[in-house]
Amino acid sequence: MTDPVTEILAWARALSWQGVALLALTFAAWAAARRLWAAARGSAFLTPVLTAAVLIIGVLTAIDLPIGDYGRATTPLSAALLPATAAMAVPLWRMRVYLRAVWRPLVAGTIAGGATSFLGIFLIGPLLGLPLPDQLGLGLRAVTAPVAIPLAQSLGSTMDVTMLGILGNGLFGAMATPLLARLALTRLAGLRDDDRVTGFTLGLTSHAIGVAHAAPRGGDMAAMAAAGMLANAVCTTLMVIPLL
């Protein structure tokens, strides 16, 4: 995998006005999506990641621009994923007291969720007619992209299949997880709604998209979403290592 600094330097050397315009489009779409989400009072069906993606795809389709050109223009954003993931150590450190108190159920939930997500693909993969490497790549759909992509490459998976799984899982999880977590806490377990639990579940099921969805709702929820995302990345990596 290319070093992020090398990618950004190569992008800067090839910078064009089209690239600047596409970066501006990305930021404008994100800002508009955030405003729409806030106006809808945080509706799970208008998560900013989904809305911004729809806006960008609409513009690219209207101007008939190849997706590869857009990908090259936004290289700094994709290259920043790795250092951004490492920076998640900051909110984790802030939540260290709470994490220390509840580490046992968090570990149990991570193992159960990670194993179900990864191993469950062996039940539905054959129905999709996918070869085994692509089934394995699709099994990484709940893992954050900076971790899932190198693992998928090592497994011989097709990147399009892996990225489609990551994006689809993240978007669906960001929409459904808050509702399901609230239902599980209040109706099934008889407990009060807890943003920290919802946040961890968002990160566990929806990786960076879940973290982005949790961020506007408060520091504790976002920090726990980061914890869930990293926990699932570690858990799934440990399951994949024997297959490499």
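### A closer look at the overall build of the protein
Then comes step 1: When you go through the protein residue by residue, the secondary structure sums to 15 helices and zero strands.
Then comes step 2: Along the three orthogonal principal directions, the C-alpha set of the protein runs to about 55 × 45 × 35 Å.
Then comes step 3: Across the 244 residues of the protein, 41% fall into the buried class.
Then comes step 4: Within the protein, contacts between residues at least 6 apart in sequence are counted, and of these 67% link residues at least 24 apart.
Then comes step 5: On the protein, roughly 12,900 Å² of surface is accessible, and the fraction owed to carbon and sulfur atoms is 71%.
Then comes step 6: For the protein, the distance from the average position of its 15 positive side-chain charges to the average position of its 10 negative side-chain charges is 13 Å.

### Comments concerning the environment of Thr51
Then comes step 1: Examined against the element boundaries, Thr51 turns out to sit in helix 3 (residues 48–62).
Then comes step 2: The buried category is assigned to Thr51, whose relative accessible area is 12%.
Then comes step 3: For the pair Thr51 and Trp30, spaced 21 residues apart in the sequence, the C-alpha separation amounts to 8.1 Å.
Then comes step 4: Those residues in contact with Thr51 that sit more than four places away from it in its chain are Ala33, Leu36 and Leu46.

### Remarks on the packing of aromatic side chains
Then comes step 1: Enumeration according to the criterion identifies one aromatic pair in this entry.
Then comes step 2: Considering the side-chain rings of Phe118 and Phe122, the 6.2 Å spacing of their centres and the 85 degrees angle between planes classify their relative orientation as edge-to-face.
Then comes step 3: Classification of Phe118 as buried rests on a relative accessible area of 2%.
Then comes step 4: Look at Phe122 and you get partly exposed, because its relative accessible area is 34%.
Then comes step 5: Here Arg96 stacks its cationic end above the ring of Trp93, 4.1 Å away from the centre of that ring.

### Overview of the environment of Ala80
Then comes step 1: With respect to the element layout, Ala80 can be found in the loop between helix 5 (75–79) and helix 6 (81–86).
Then comes step 2: Take Ala80: its relative accessible area is 32%, and that puts it in the partly exposed class.

### What to know about helix 3
Helical geometry note: an α-helix holds 3.6 residues per turn, so side chains three or four residues apart project in the same direction.
Then comes step 1: Between its first and last C-alpha atoms helix 3 spans 21 Å; for 15 residues at 1.5 Å apiece the expected length is 21 Å, and the two agree.
Then comes step 2: Every buried residue of helix 3 is accounted for by Pro48, Val49, Thr51, Ala52, Ile56 and Leu60.
Then comes step 3: Directly beyond the C-terminal end of helix 3, a positive phi value near 55 degrees is found at Asp64.

### Some thoughts on the packing of helix 9 (residues 103–119) against helix 15 (residues 219–240)
Axis angle and axis distance: for two packed helices, these are the angle between their axes and the distance between the axes, and together they describe the pair.
Then comes step 1: With their axes 9 Å apart at the nearest point, helix 9 and helix 15 run at an angle of 55 degrees to one another. Our classification of the angle between helix 9 and helix 15 gives oblique. Along this stretch, helix 9 crosses helix 15, giving a crossing that reads as right-handed. Residues Leu106, Thr110, Ile111, Gly114, Ala115 and Phe118 of helix 9 pack against Met224, Ala231, Asn232, Cys235, Thr236, Met239 and Val240 of helix 15.
Then comes step 2: For the contact of helix 9 with helix 15, a count of residues per class yields nine nonpolar, four polar and no charged.

### Considerations on a nonpolar patch on the surface
Then comes step 1: Together, Leu123, Ile124, Leu127 and Leu128 give the surface a local cluster of nonpolar side chains, amounting to about 470 Å² of exposed area.
Then comes step 2: Relative to the assigned elements, Leu123 resides in helix 10 (residues 121–128).
Then comes step 3: Accessibility expressed as a relative area gives 69% for Leu123, which makes it exposed.

### A short note on the pattern of salt bridges
Then comes step 1: Tallied over the entire structure, the rule returns one salt bridge.
Then comes step 2: Between Arg94 and Asp220 there is a salt bridge, and its shortest N-O distance comes to 3.4 Å. Within this pair, whereas Arg94 is found in helix 7 (residues 89–94), its partner Asp220 is found in helix 15, the two being separated by 126 residues in sequence.
Then comes step 3: Given the relative accessible area of 47%, Arg94 is considered partly exposed.

Basis of the calculations
- Residues numbered from 1 in each chain as written.
- Predicted model: local features only at pLDDT ≥ 70, side-chain atom pairs only at ≥ 80, totals over all residues.
- Heavy atoms only, no water.
- Helix = DSSP H or I, 4+ residues; strand = E, 2+ residues; numbered from the N terminus.
- Buried < 20%, exposed > 50% of the residue type's maximum accessible area, 1.4 Å probe, protein only.
- Contact = heavy atoms within 4.5 Å.
- Areas by Shrake-Rupley, 256 points an atom, 1.4 Å probe, with all protein chains shown as cover.
- Lys, Arg positive; Asp, Glu negative; His and termini not counted.
- Charge placed at Lys NZ, Arg CZ, Asp CG, Glu CD.
- Phe/Tyr/Trp six-rings, centres within 6.5 Å; stacked < 30°, edge-to-face > 60°.
- Lys NZ or Arg CZ within 6 Å of the ring centre and 35° of its normal.
- Expected span 1.5 Å × (residues − 1).
- Axes fitted to C-alpha atoms, helices over the stretch in contact; angles between N-to-C directions.
- Parallel < 35°, antiparallel > 145°, perpendicular 65-115°, else oblique.
- Left-handed = near helix turned anticlockwise from the far one by under 90°.
- Nonpolar A, V, L, I, M, F, W, Y, C, P; charged D, E, K, R; others polar.
- Patch = residues over 30% accessible without salt bridge, like charges linked within 9 Å, V, L, I, M, F, W, Y side chains within 5 Å.
- Salt bridge = Lys/Arg side-chain N within 4 Å of Asp/Glu carboxyl O.

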